[in-house]
Amino acid sequence: MGIRLIKISAVYFLIGIGIGYYMSTVHDYSLTPVHAHINLLGWGSLTLAGIIYHLFPSVGNTKLALGHFWLHNIGLPLMMIGLAFAVHGNDSYLIATIVGANVTVLGVLLFVINILKNLKQPVEAE
């Protein structure tokens, strides 16, 4: 699970950087919220979650981790597509932003529950 998340996060990184490059090229920074959210929730957060899942397999090999994976990766693109339209004045896609944000938050909630429930301090050998 961890390696898969890190690989997906690299794709989000490329998308986020691509949006930033596009904005700087055309001198139109209206997609800044999309750029920032993809880099933070896609690249940064999923990379860290992937590292945690890789370092602590007992956390990464749970139904909570699987739920986090799918909800985060369904919600984030949905939210970003809706937000891209919304920042350009097309509010008909605002529902995608709302639904995607809620799905992403639910995925992050599963991640936090998983960490609190399954991440244990190793027992030190005496």
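Quick note: structure is the one above.
What comes next is a walk through the structure. (Residues numbered from 1 in each chain as written. Predicted model: local features only at pLDDT ≥ 70, side-chain atom pairs only at ≥ 80, totals over all residues. Heavy atoms only, no water.)

1. A word on the overall build of the protein
Summing up its helical and strand segments, the protein has 5 helices and 0 strands in all. The linear arrangement of helices and strands in the protein, starting from the amino end, is α-α-α-α-α. C-alpha extents for the protein along the principal axes are approximately 60 × 30 × 20 Å. If you sum the accessible surface of the protein, you get close to 7600 Å²; carbon and sulfur atoms cover 73% of it. Charged side chains of the protein number 5 positive and 4 negative; the gap between the two group centres comes to 17 Å. (Helix = DSSP H or I, 4+ residues; strand = E, 2+ residues; numbered from the N terminus. Areas by Shrake-Rupley, 256 points an atom, 1.4 Å probe, with all protein chains shown as cover. Lys, Arg positive; Asp, Glu negative; His and termini not counted. Charge placed at Lys NZ, Arg CZ, Asp CG, Glu CD.)

2. Some details on unusual backbone geometry
Positive phi is not limited to glycine here, since His27 has a value of about 60 degrees. Tracing the chain through its elements places His27 in the loop between α1 (2-26) and α2 (32-55).

3. Overview of the packing of aromatic side chains
Enumeration over the complete set of coordinates arrives at 4 aromatic pairs. Considering the side-chain rings of Phe69 and Trp70, the 5.0 Å spacing of their centres and the 90 degrees angle between planes classify their relative orientation as edge-to-face. Accessibility expressed as a relative area gives 47% for Trp70, which makes it partly exposed. With 4.0 Å between their ring centres and 15 degrees between their planes, Phe85 and Tyr93 make a pair best called stacked. Judged by its relative accessible area of 34%, Phe85 is partly exposed. According to the relative accessible area criterion, Tyr93 is partly exposed, its value standing at 36%. Across the ring face of Phe69, the terminal group of Arg4 is positioned such that the distance to the ring centre comes to 5.1 Å. (Phe/Tyr/Trp six-rings, centres within 6.5 Å; stacked < 30°, edge-to-face > 60°. Buried < 20%, exposed > 50% of the residue type's maximum accessible area, 1.4 Å probe, protein only. Lys NZ or Arg CZ within 6 Å of the ring centre and 35° of its normal.)

4. Concerning the side chain of Thr62
Relative to the helices and strands, Thr62 is located in the loop between α3 (57-60) and α4 (63-86). Excluding its chain neighbours within four sequence positions, the residues that come into contact with Thr62 are Asn114 and Asn118. (Contact = heavy atoms within 4.5 Å.)

5. What about helix α5 (residues 94-118)?
Taking 1.5 Å as the rise per residue, α5 with 25 residues should run 36 Å; its terminal C-alpha atoms sit 36 Å apart, in good agreement. Taken together, the buried positions of α5 are occupied by Ala96, Thr97, Gly100, Thr104, Gly107, Leu110, Phe111, Asn114, Ile115 and Asn118. Looking at the packing, one finds that the buried side of α5 touches α2, α3 and α4. (Expected span 1.5 Å × (residues − 1).)

6. Overview of the environment of Val123
Structurally, Val123 can be placed in the segment after α5. A relative accessible area of 82% means that Val123 is categorised as exposed. In this structure the C-alpha to C-alpha distance between Val123 and Val105, which are 18 residues apart in sequence, comes to 33 Å.

7. Thoughts on the nonpolar core
Counting residues in each nonpolar core, the largest one holds 20 residues, and the members touching the most others are Leu5, Ile19, Val34, Ile38, Tyr53, Leu76 and Met80. Elements with a contribution of two residues or more to this core: α1, α2, α4 and α5. Apart from the residues within four sequence positions on either side, Ile38 is in contact with Tyr12, Ile15, Gly16, Ile19, Trp43 and Met80. (Core = buried A, V, L, I, M, F, W, Y, C linked by side-chain atoms within 4.5 Å.)

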